[in-house]
Amino acid sequence: MKKVFTDKLLTAIDIGTTKICVLVGHKSADGTVEVVGVGRVPSEGLKKGVVVDIAKAAYSIKQAVKEAEIMANTTIESAVIGISGGHIQSRNSYGAVPLEKGEVRQEDIAAVMAAARAVPLAEGQQILHVLPQFFSVDGQDRINDPLGMHGIRLEAQVHIITGSVSSVQNLVKCCELAGVKVQDVVLEQLASAQAVLSDDERELGVGVLDIGGGTSDLALYQRGAIRHTMVLPVAGNHFTNDLAIGLRTTINDAERVKRDYGLADLNLLKEDNELEIEMVQGGKTRMIHRSDLVAILEPRAQELLSIVHEEIIARNLESYLISGLVITGGGSLLEGIQDVAHAIFDLPIRLGKPHIQIGDPDLLNNPMYATGYGLLLHATKNQLSSDLYSHHDGGIGRLLIRMKSWVSDFF
Ligand SMILES: Nc1ncnc2c1ncn2[C@@H]1O[C@H](COP(=O)(O)OP(=O)(O)OP(=O)(O)O)[C@@H](O)[C@H]1O
Ligand SMILES: [Mg+2]
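First things first, this report covers the structure right here in the doc. (Residues numbered from 1 in each chain as written. Chains lettered and ligands numbered in written order. Predicted model: local features only at pLDDT ≥ 70, side-chain atom pairs only at ≥ 80, totals over all residues.)

1. A closer look at the site of ligand 1
As a reminder, the rule being used: In this text, near has one meaning. A residue is near a molecule or strand if its C-beta atom, placed using the backbone, is within 6 Å of it. Secondary structure elements follow DSSP: runs of H or I no shorter than four residues count as helices, runs of E no shorter than two count as strands, and numbering proceeds from the N terminus. Classification convention: Asp, Glu, Lys, Arg as charged; Ala, Val, Leu, Ile, Met, Phe, Trp, Tyr, Cys, Pro as nonpolar; all other residues, Gly among them, as polar.
Around ligand 1 sit 24 residues, and of these Gly16, Thr17, Gly212, Gly236 and Gly330 come closest. Of all the secondary-structure elements, those providing two or more residues to the shell around ligand 1 are helix H6 (236-247) and helix H7 (251-261). A class-by-class count of the residues in the shell around ligand 1 yields 4 nonpolar, 16 polar and 4 charged.

2. Focus: helix H9 (residues 337-345)
Short version of the rule: Counting other C-beta atoms within 10 Å of each residue's C-beta, where C-beta atoms are placed from the backbone, gives the exposure class: buried for 20 or more, exposed for 12 or fewer, partly exposed between. This arc corresponds to the set of directions leading from the helix axis out to the C-beta atoms. Once C-beta atoms have been placed from the backbone, residue pairs whose C-beta atoms lie within 7 Å are recorded as contacts.
Ile337, Val340, Ala341 and Phe345 are the residues of H9 that are buried. Burial along H9 is one-sided: seen end-on, the buried residues are contained in an arc of 115°. Packed against the buried residues of H9 are helix H8 (290-314), strand E17 (325-328) and strand E18 (349-351). Looking one or two places after H9, you find aspartate 346, whose phi comes out positive at around 55°.

3. Some thoughts on the sheet that holds E17
The line we're drawing: Should DSSP find at least two bridges between two strands, the strands are taken to pair. Only the stretch in contact is used when a helix axis is fitted, and all axes are lines through C-alpha atoms; the angle between N-to-C directions ranges over 0 to 180 degrees.
The strand order E14-E13-E12-E17-E18 describes an open sheet built from 5 strands, whose pairing is mixed. At either end of the open sheet lies a strand with only one pairing partner, and these are strand E14 (225-232) and E18. Strand-to-strand twist across the sheet, computed as the mean angle between neighbouring axes with direction ignored, equals 20°. For strand E13 (residues 216-222) and E14, the ladder comprises 7 bridges, and the chain directions are antiparallel. Within the sheet, the bridge partner assigned to tyrosine 221 lies in E14 and is isoleucine 226.

4. Brief notes about unusual backbone geometry
If you check the backbone angles, arginine 223 has positive phi at about 50° while not being a glycine. Note on placement: arginine 223 falls in the loop between E13 and E14. Of note in the backbone geometry, aspartate 346 takes a positive phi value of approximately 55° without being a glycine. Within the secondary structure layout, aspartate 346 lies in the loop between H9 and E18. A count of 11 C-beta atoms within 10 Å places aspartate 346 in the exposed class.

5. Observations concerning the environment of valine 308
Position of valine 308 among the secondary structure elements: in helix H8. Residues contacting valine 308, with those up to four places away along its chain left out, are Leu209, Leu218 and Leu232.

In structure tokens:
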């Protein structure tokens, strides 16, 4: 049967440290999302997830947008974008309000959310998301939707994610310079989670770790709600840099050998073949053993996963990982990283690939595109169209208005 699609095309832009990925798609009547345009270019002007050169970043966004426009045969005017970086902070918070009418009305929910989000913020930080974890009425715990319930007191437990105002502004500015208005700014691991986790996993308890080029982004879920988020400014690029330094080779060749021959676990090395690599000085080459590569990558992978594990232990969050850990992002493609994660976490570990509906599935069903696809799912879920945030008309004030309506997102 031919699927019926909504006319409106929506766009997501994953502005990653290593690549920009633009996805254009629309929702079918059965709720699935079909991708009709893809733009992928290497990104410039970003470091550890944040913009460090606006002109360069804007230029690469523009290239990727153009590519997607040609494929989708459309003009992209606005998009949902992702955000990450070491400036992201998160915490849980709590609010309570009396129920004046003896039952929960929409305005009571708004009031309790406002009470929960009233937390002191560090200088230059701004709230990005306020995500409800659960409500309770008169102490009766864990209500997902309290509307209409009788009682005298409503409480809300929420997860608050903040980010630096200037980092958000820089991202928005880059998009505007590329001719795209920003509809929404979404924390990248929330998008990746949307793309690769099942409802059951989120209900039982699961972690998603998106190992990108510049940052590794963690999100933990249980009972369908977000429990914890963390951004670690260490990821695939650091592996490549360590290889370049350790093997005295170029960044490009370090990246090539990492992808083609890299292993995160020495136990998986069956044959210690020799590899030819470029030397950093003047185009000469030399031979190395594959085990030389593994000797550098293995401790790096162990270190990265240990930091994440220690964070989970230190904050007493192990009980959320009932279904295990899902690893995604380009860094998850390093062979053996799942084995290292399994040894450290002692939990089921799986690779998180998005299942993107497009003519050629091999094109995009790769962990690198989890964030982009999750952002597109978010866009189609919300079908945001008119409420745009513009850098020029209204500044951060308008962004705050948008943020208020994020309350129910990803819940
Ligand atoms: N086959 C592979 N083996 C090992 N690493 C890989 C492989 N393929 C890609 N990577 C690594 O994945 C990283 C890029 O992943 P991804 O595209 O998810 O990052 P990004 O979204 O651009 O960055 P970030 O999310 O950190 O801003 C690079 O460091 C790259 O070396
Ligand atoms: Mg990424």
